[in-house]
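# A structural walkthrough
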Amino acid sequence: MNRLELKFEISDINEKNLISNLKLTKEFNDRNITSIYYDTDLFKYYNDSEEGLTPRKKVRLRFYNENENKKNLEIKFTLANYRKKITFNNVSEPKIGEYLKKINIDDNIKPKLIINYNRKYFKNRQGRFNIDYNI
C-alpha cells in the first residue's frame, strides 16, 4: 500500500474546534499503542531518518491495548514520493529475522526503543486523521 502522510504538532490547538472545523467523524475506538523499534548497532535507520535520506526504512513490532500476544511486524519504506508499509500479523519476536529475509532485509538489527501512547481515529472526505496523546 502506498501512503502519503502529513504530521502536525497540534498541542496548542483546541481539539474540539479542530474536529468540528475539519468535519471529522470517529472512525475507530481509541486505543493504546506500544511500538518496539529495531535498528542496527550504529542506528542506521534512525540516522537515515534524521538526515532525511531516501530510500530508508523503519522496522517495528507493534501491539494494541496491551495485547502483547498479538504483535504485528511493520516495515515502513520511505521513498522519494511516497511511503509503503508491509505488515506481518501475530509475529513472535524470535522469528523477526525470518520475516525480514522474506522481503530481502538482511541488516543485523535489535530492539532499541519502546514507545507507548494513545491514539484517536477520525476521518472526513479528505482522508484519515489520527490524534496521538500521552506519548
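So, here is what we can say about the structure in this document. Keep in mind that what you see is a predicted model, and the values were worked out from it rather than measured. (Residues numbered from 1 in each chain as written. Predicted model: local features only at pLDDT ≥ 70, side-chain atom pairs only at ≥ 80, totals over all residues. Heavy atoms only, no water.)

Once that is clear, we can look at the layout of surface pockets. The computed volume of the largest pocket comes to approximately 2100 Å³. Surrounding the largest pocket, 50 residues form its lining, Glu-5, Lys-7, Lys-76, Arg-119 and Asp-132 being those nearest its centre. Here the lining of the largest pocket gets seven residues from one element, more than from any other, and that element is strand 3 (residues 56-64). Across the lining of the largest pocket, the residue classes break down as 24 nonpolar, six polar and 20 charged. (1 Å grid on protein atoms, 1.4 Å probe; cavity = no way out; pocket = protein on both sides within 12 Å on 5 of 7 lines; lining within 4 Å. Points joined across faces, edges and corners; volume = space filled by probe spheres on them. Helix = DSSP H or I, 4+ residues; strand = E, 2+ residues; numbered from the N terminus. Nonpolar A, V, L, I, M, F, W, Y, C, P; charged D, E, K, R; others polar.)

Looking now at the packing of aromatic side chains. Summed over the entire model, instances satisfying the criterion amount to two aromatic pairs. On the numbers, 5.5 Å between centres and 85° between planes, the contact of Phe-28 with Tyr-121 is edge-to-face. Linking Phe-28 in strand 2 (residues 25-39) with Tyr-121 in strand 6 (residues 110-124), this pair joins segments that are 93 residues apart in sequence. Assessed through its relative accessible area of 42%, Phe-28 is described here as partly exposed. Using a relative accessible area of 3% as the deciding quantity, one classes Tyr-121 as buried. Their ring planes at 50° and their centres at 4.9 Å tell us that Phe-88 and Tyr-99 sit as a pair that is tilted. Of this pair, Phe-88 sits in strand 5 (residues 83-88) while Tyr-99 is found in helix 3 (residues 96-102), placing the two residues eleven residues apart along the sequence. Phe-88 gets classed as buried once you look at its relative accessible area, which sits at 16%. (Phe/Tyr/Trp six-rings, centres within 6.5 Å; stacked < 30°, edge-to-face > 60°. Buried < 20%, exposed > 50% of the residue type's maximum accessible area, 1.4 Å probe, protein only.)

Right, let's get into a nonpolar patch on the surface. On the surface, Leu-4, Leu-6 and Phe-8 cluster together into a nonpolar patch covering about 440 Å² of accessible area. Here Phe-8 shows up in the loop between strand 1 (2-3) and helix 1 (15-21). (Patch = residues over 30% accessible without salt bridge, like charges linked within 9 Å, V, L, I, M, F, W, Y side chains within 5 Å. Areas by Shrake-Rupley, 256 points an atom, 1.4 Å probe, with all protein chains shown as cover. Salt bridge = Lys/Arg side-chain N within 4 Å of Asp/Glu carboxyl O.)

On the secondary structure map, Thr-40 appears in the loop between strand 2 and helix 2 (44-51). Separated by 3.0 Å, the side chain of Thr-40 and the backbone nitrogen of Lys-44 make a polar contact. (Polar contact = N/O pair within 3.5 Å; in protein donor to acceptor, adjacent residues only side chain to side chain.)

For strand 4 (residues 72-78), the buried fraction is high: seven of the seven residues fall into the buried class. Side chains of strand 4 alternate between two faces, with Asn-72, Glu-74, Lys-76 and Thr-78 and Leu-73, Ile-75 and Phe-77 buried alike. Direction of pairing for strand 3 relative to strand 4: antiparallel, over a ladder of seven bridges. Looking across to strand 4, one finds that Leu-61 is bridged to Leu-73. In the sheet, strand 4 pairs with strand 5 via six bridges, with the strands oriented antiparallel. Pairing of Glu-74 across the sheet is with Thr-87, part of strand 5. (Pairing = 2+ DSSP bridges.)

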